[in-house]
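A structural walkthrough
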Amino acid sequence: MAQRPFKLPDIGEGTAEAELVAWHIGVGDTVAEDDLLCEVMTDKATVEVTAPFSGKVIERTGNPGDMLPVGGVVLVFDVEEEGAAPAPEPTSPEISSSASPPQSTRQEPEHRVLASPALRKRAADQGVNLRDVVGSGAKGRIRQSDVDAYLAYAKTPRETPRVASPGGAAQVSAISPAPPSDDVEEVPVIGLRRRISERMQDTKRRIPHFSYIEEVDVSQLEALRESLNATRGEHRPKLTLLPFLVRALTRVLPEFPHLNALYDDTAGIVRRHRAVHAGIATQTPQGLVVTVLRDAGSHDVWGVASELTRLSGLARSGRAAPADLTGSTITITSLGAMGGVATTPVINSPEVSIVGVNKVIERPIVDRGQIRIAKMMNLSSSFDHRVVDGWDAASFVQRVKAMLETPALLFVEA
């Protein structure tokens, strides 16, 4: 036997270090080539690191939450003498995905289940047949989160069974409620949650935010949206309000180029963009992720809707590539489905503007001396006061409002 160190490979994007999110092997485990070793997180995405050779783990460096330097030794293996020659450089790790919903996907017996030895042991200890688990990793590799999802599904309460009593009447079996607990759970702030907290803290500390909230009558827009959805056919996505808002931004931002911009405060440069690369804040099981709809102005509302569906699906499944998560020039955040009439969104630095969508509410308004019922929605926007003056922000929001209140303007060429 001979010892061979394993160094954290170059994971691209000029990254010098990465946060260790999870180990999938332990000291004493024997791993085969291409077995999953660990997951690490960069500023861009979560990355799976796999073994470039076979061996037995004899040393392991770092705990979840630690920062690991690229090129630093993270594992030491015992390997067979004949395999001790330097292994080729590992290929770029693959972007990891989140656990897929458990479903009936028993694999054929001849199909090899891809999982680390440590995970196989954990699964055996928990009575889980890995052939029943959907693998969400590279090449269908099963990860601990997949097993967790499978177990959660298996433990989900089903309809309470009815059993026949001796007298023949159906009885409902009673399940005693769990006793209340006052235990305290300590949850490490690592991975994506730590990235979010660090970025939010840095953004609020460095950027002087100011917010501007305006109500918008979206009655005509909602009527148009409902009409288009009713005749969209099977091959077009259902339209929400967001594609129309994206369309409005692409029509208005050329008049306000300093709002479709990134501020490099270190270099003292504002980089204005002609194309609108719309960041769409999406809530996922791992936390808030901003996917990027590139060159939004090149799509019609149906195209925008299709792209939003694709990107949100990638984000929620954990399969978004770094290119899907970087390069936005202005961000849209929406909490409308949750309710709420106003928000003060935090800017997605280094952008200088963010537009928030709130709940659409039917309420009475006074229109030319008459009371009518209208569908009203607030736009809650925040701006970087170092770059954007209040007057410009208000003018921008008023132009967006005009587009949304008279949706024909969205489709009329200037």
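Please refer to the structure placed before this passage.
Quick caveat: nothing in here was measured; it's all calculated off a predicted structure.

Thresholds applied
- Residues numbered from 1 in each chain as written.
- Predicted model: local features only at pLDDT ≥ 70, side-chain atom pairs only at ≥ 80, totals over all residues.
- Heavy atoms only, no water.
- Helix = DSSP H or I, 4+ residues; strand = E, 2+ residues; numbered from the N terminus.
- Buried < 20%, exposed > 50% of the residue type's maximum accessible area, 1.4 Å probe, protein only.
- Contact = heavy atoms within 4.5 Å.
- Areas by Shrake-Rupley, 256 points an atom, 1.4 Å probe, with all protein chains shown as cover.
- Phe/Tyr/Trp six-rings, centres within 6.5 Å; stacked < 30°, edge-to-face > 60°.
- Polar contact = N/O pair within 3.5 Å; in protein donor to acceptor, adjacent residues only side chain to side chain.
- Core = buried A, V, L, I, M, F, W, Y, C linked by side-chain atoms within 4.5 Å.
- Salt bridge = Lys/Arg side-chain N within 4 Å of Asp/Glu carboxyl O.

**Here's the deal with the overall build of the protein chain**
The secondary structure content of the protein chain amounts to 8 helices and 20 strands. Here the protein chain holds 414 residues, and 43% of them are scored as buried. Long-range pairs, those at least 24 residues apart, make up 65% of the contacts in the protein chain between residues at least 6 apart in sequence. A total of about 22,300 Å² of accessible surface is found on the protein chain, and carbon and sulfur atoms cover 53% of it.

**Digging into the packing of aromatic side chains**
Counted by the stated rule, this structure contains 4 aromatic pairs. Between Phe-383 and Phe-396 the ring centres are 6.3 Å apart and the planes differ by 90°, which places this aromatic pair in the edge-to-face class. Here the residue Phe-383 occupies a position in strand S20 (residues 370–384), and Phe-396 occupies one in helix H8 (residues 390–405), the gap between them amounting to 13 residues. The class for Phe-383 is buried, based on a relative accessible area of 0%. Using a relative accessible area of 1% as the deciding quantity, one classes Phe-396 as buried.

**Observations regarding the side chain of His-277**
The residue His-277 is located in the loop between strand S14 (269–272) and strand S15 (278–284) in this model. Look at His-277 and you get buried, because its relative accessible area is 16%. Engagement of the side chain of His-277 in a polar contact is seen with the backbone nitrogen of Asp-295, the distance being 3.0 Å. When neighbours within four sequence positions are excluded, His-277 is seen to be in contact with Val-292, Leu-293, Arg-294, Asp-295, Gly-327, Ser-328, Thr-329 and Ile-330.

**With respect to the environment of Gly-336**
With respect to the secondary-structure elements, Gly-336 resides in the loop between strand S17 (330–334) and strand S18 (353–357). Note on Gly-336: relative accessible area 17%, which makes it buried. Each C-alpha atom of the pair Gly-336 and Leu-241 lies 9.9 Å from the other, and the pair is 95 residues apart in sequence. Each residue touching Gly-336, except ones within four places of it in the same chain, is listed here: Val-357, Asn-358 and Lys-359.

**Brief notes about the nonpolar core**
Residues Leu-245, Phe-396 and Val-400 are the most contacted members of the largest nonpolar core, which totals 46 residues. Contact partners of Phe-396, with chain neighbours within four places excluded, come to Leu-249, Val-252, Leu-253, Phe-256, Leu-259, Ile-330, Val-355 and Phe-383. In terms of nonpolar packing, the next biggest core, distinct from the first, is built from 22 residues, Ile-25, Val-40, Ala-51 and Val-74 among them.

**A few points about the pattern of salt bridges**
Summed over the entire model, instances satisfying the criterion amount to 18 salt bridges. For Arg-205, the salt bridge is made with Asp-202, and the minimal N-O distance between the two is 3.0 Å. Residue Arg-205 and its partner Asp-202 are both found in helix H3 (residues 191–206); the two are separated by 3 residues, about one turn of the helix. Since its relative accessible area comes to 24%, Asp-202 is described here as partly exposed. Between Asp-367 and Arg-372 there is a salt bridge, with the nearest N and O atoms lying 2.7 Å from each other. Residue classification places Arg-372 among the partly exposed residues on the basis of a relative accessible area of 30%. Through salt bridges with shared partners, a single network forms among Asp-202, Arg-205, Arg-206, Asp-265, Asp-384 and Arg-386.

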